[in-house]
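A look at the structure
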Amino acid sequence: MSVKIHPRVTDWAHQMKGITGANKVIMLDGSPAQRSRLNQALVKSGAFQALDPAKWPNSYASRSAPTDTARAEDKTLMVYSENRDNNRSFKYMSPDAAHSDVLPLFKNAMNGRDMFVVPALMGPEGSSLSRALVQVTDSPYVAANMAIMSRMGDPALRHINENNGVFTRGLHASADLDYSKLYVLHFPEGDPIADIWSVNSAYGGNALQGKKCLALRLAMTQARAEGWLAEHMLILKIKDPSGKTHYLTAAFPSACGKTNLAMLNPPTHFAQQGWEITTLGDDIAWLKPHSDGTLHAINPENGMFGVAPGTNDQTNGNMMDTLRRGNVIFTNVATTPDGDVWWEGLTPRPPKQFHDWRNREWEQIGSNTWAIDRQVKVEWNEGRGSWKVTSGEEFLPDALQGAKELPNAAHPNSRFTVAASQCPSLAQEWENPDGVPISLTLFGGRRPEFGLIPLVSAAQSWEQAVYMATVMGSAMTAAAFGAVGDIRRDAFAQLPFMGYPLPDYLRHWLSMPQSVRHLPQVATVNWFQRDDEGRFIWHGYGDNFRALEWLIRLGEGSAPYLDSPVGRLPGINGLDMTGYNMPEKHLAALTTFNPEAGWPAEADSRARHLAKYPDMPEAVTNEQKKLAGAINSF
Ligand code: SAT
Ligand code: MN
């Protein structure tokens, strides 16, 4: 029997129909029959291409507008009655500007289209941490993705009924997908129309409003008021050979391997000892002080929206097995005539024939050469896993001319959307309403400098932990617009997701010892150091487990370590390197403090960054002073 729909849901949806001029209101209940009708309609309209069911059961490929492939950080704004932050932590818009400049974009935006009402529960059923969103959208593609990424339909409607009709109101229109009129607005103080407005994009982080909009930007403002944390973190379970369980969370900027770490397989040596790793989440964690004295985490999402390029049986076998179970939406990958998909890094050799993410036709014409639309010739470099244009450059789209950006078969930020429940390494407790107690928290980024940011470094105090997470830097990736490769400071990997001023957020973190007796051990990690020829010196993937294992032993007091100005380090003898030979020079670069590797410049750059926020908490600026002092005395 279907769940009664709270009148607040229906009333609000009809108000949105009035604004957007939608045809019909279609209420989504999440039932398999309705989901299958939605997918069929997407196939019929050409938005979905059904894949070969033998390879990818009940799975579809779709292509976005060429301009709509990533989050649009410049157009993502927080709307407050007062501009207290001066665009330091987030981009600001006034309520008046929202109503005069953005609201008109929704007026009649759904003329001639149906409006889907998507009730989405974020978090396990029956959890006091879970929250309901009702998102209206004109995009069946967005609705189909929400059906995977949230507990859509009845679970959300039940939650709303049990919570006096309270839900976050999300207004979404893909409208004309006109990039110049794209906006993602958040109203933490509420708004007469809706709490989240996004328009002119159907891309994940812009349009699947349960994800970054609700679960991070809005949730963190509520978390601050209510004493919990909404974080850009994966959740992982590690069982050690003695049978003891450790739960950890880890924050990395987008496209730095969160999904891979969440599904890591330990190297053989550790697996044989009895270490086991299972997954609870790959992107977002809500953490709440628990009566047992620890922080408990839940994953508010129901699925994974992972980066396709680079994913394969070696880098993430669990993910590949998750995908092979089917029910996947692939976005902006390449497709072959026989209903298969491909992306750079899936297999060493590209298929003979395929359509790229822009739907251009590629055909193999030589052992390593392909022709694009019979005009452009490109060469495949199997070692690098990338393409080079050899002729016909003038036929490439403007963005690729002079080709800093290479032509790719799959967009570098191409994605798959798939239910977490299909993951073979999923931990059963991922749906515990009470969450899981976190004993270890990692912060990471991509820092390529040889010998600089260590592979793993444990904080020596809570203040140092907050400082280390605040100054985390990372080389930019394709998940956001901007210059790929530049280093940017990304505090707590939350830079694109801040819902209120960073200094206040840090104060909130600094206050945690008052409500949590057993805080997690905090460490930073960096898998991305390179040598002077640009090669990664750390293998990464499963071998990252060596850093986790050291941290667990460190927590138990049984691991060798070195204290340094940048935290507690393993030193060249700390990690269990069984089965992994590496030059001692590299091991030292990864595991020891090397002031000559560029620390004075790094410390200056951090100081300049912190100085941008005049009201940084003193605990953070003190840590900075301590570090600068220690470096100067070397
Ligand atoms: O770009 S999304 O926010 O949808 C995914 C991610 O970056 O984690
Ligand atoms: Mn993310």
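The rules behind the values
Residues numbered from 1 in each chain as written. Chains lettered and ligands numbered in written order. Predicted model: local features only at pLDDT ≥ 70, side-chain atom pairs only at ≥ 80, totals over all residues. Heavy atoms only, no water. Pairing = 2+ DSSP bridges. Helix = DSSP H or I, 4+ residues; strand = E, 2+ residues; numbered from the N terminus. Axes fitted to C-alpha atoms, helices over the stretch in contact; angles between N-to-C directions. Contact = heavy atoms within 4.5 Å. Donors = N, O, S within 2.8 Å, 3.2 Å for Na, K, Ca; no water. Buried < 20%, exposed > 50% of the residue type's maximum accessible area, 1.4 Å probe, protein only. Core = buried A, V, L, I, M, F, W, Y, C linked by side-chain atoms within 4.5 Å. Domains from an automatic or database assignment. Buried area = accessible area lost by both parts, 1.4 Å probe. Salt bridge = Lys/Arg side-chain N within 4 Å of Asp/Glu carboxyl O. Polar contact = N/O pair within 3.5 Å; in protein donor to acceptor, adjacent residues only side chain to side chain. Nonpolar A, V, L, I, M, F, W, Y, C, P; charged D, E, K, R; others polar. Near = heavy atom within 4 Å. Areas by Shrake-Rupley, 256 points an atom, 1.4 Å probe, with all protein chains shown as cover.

With that settled, consider the sheet that holds strand 16 (residues 285-289). Spatially, four strands are ordered 12-16-17-28 in an open sheet, and the strand pairing comes out antiparallel. If you trace the sheet from one side to the other, it starts and ends with strand 12 (229-231) and strand 28 (436-438), each paired once. Strand-to-strand twist across the sheet, computed as the mean angle between neighbouring axes with direction ignored, equals 35 degrees. Of the strand pairs in this sheet, strand 17 (residues 295-298) and strand 28 are connected by three bridges, and their pairing is antiparallel. Note on strand 28: the bridge partner recorded for leucine 295 is isoleucine 438. Packing of helix 7 (residues 210-226) onto the sheet brings it into contact with strand 12 and strand 16, and relative to strand 12 it is tilted by some 160 degrees.

Take the coordination of the manganese ion (ligand 2) next. Here the manganese ion (ligand 2) is held by the protein donor atoms Lys212 (NZ), His232 (NE2) and Asp283 (OD), which lie 2.0 to 2.2 Å from it. On the primary sequence, the residues serving as donors to the manganese ion (ligand 2) are separated as K-x19-H-x50-D. Taken together, the residues span a long stretch of sequence, with histidine 232 in the loop between strand 12 and strand 13 (233-239) and aspartate 283 in the loop between strand 15 (276-281) and strand 16 at a distance of 51 residues. By relative accessible area, which is 8% here, aspartate 283 ends up buried.

Looking now at the nonpolar core. Counting 133 residues, the largest nonpolar core has Trp286, Leu323, Phe330 and Trp343 as the members making the most contacts within it. Both domains that meet at this core, namely domain 1 (7-48 + 66-227) and domain 2 (231-299 + 430-632), each give it at least three residues. Leave out the neighbours within four places in its chain, and leucine 323 touches Trp56, Val328, Phe330, Trp343, Phe416 and Val418. Counting residues in each nonpolar core, the second largest holds 39 residues, with Phe252, Val456, Leu548 and Ile552 among its members.

So, about the domain arrangement of the protein. What the domain assignment lists for the protein is domain 1 (7-48 + 66-227) and domain 2 (231-299 + 430-632). Using only C-alpha atoms to locate each centre, domain 1 and domain 2 end up separated by 32 Å. Tallying the contact residues gives 37 residues for domain 1 and 36 residues for domain 2. Buried area between domain 1 and domain 2, both sides added, is near 3,100 Å², and the carbon and sulfur share of it is 58%. Viewed at the interface, domain 2 and domain 1 are joined by six salt bridges. A salt bridge links glutamate 73 to arginine 488; its shortest N-O distance comes to 3.1 Å. Where domain 1 meets domain 2, there are 12 residue pairs in polar contact (both at pLDDT 80 or more). Per-element accounting of the side of domain 1 that touches domain 2 gives the leading share, 11 residues, to helix 7. Split into classes, the residues belonging to the side of domain 1 that touches domain 2 amount to 16 nonpolar, nine polar and 12 charged.

Lining the immediate surroundings of ligand 1 are Arg71, Tyr203, Gly204, Gly205, Lys211, Lys212, Ser254, Asp283, Phe305 and Arg415. One of the backbone nitrogen or oxygen atoms of glycine 205 is found 2.7 Å away from an oxygen atom of ligand 1. In the model, an oxygen atom of ligand 1 is placed 2.9 Å from a nitrogen or oxygen of the lysine 212 side chain. With the chains in place, 97% of the 250 Å² that ligand 1 exposes on its own is no longer accessible. Put simply, the parts of the chain that give the shell around ligand 1 at least two residues each are helix 6 (204-207) and helix 7. Here the shell around ligand 1 is built from residues that sort into two nonpolar, three polar and five charged.

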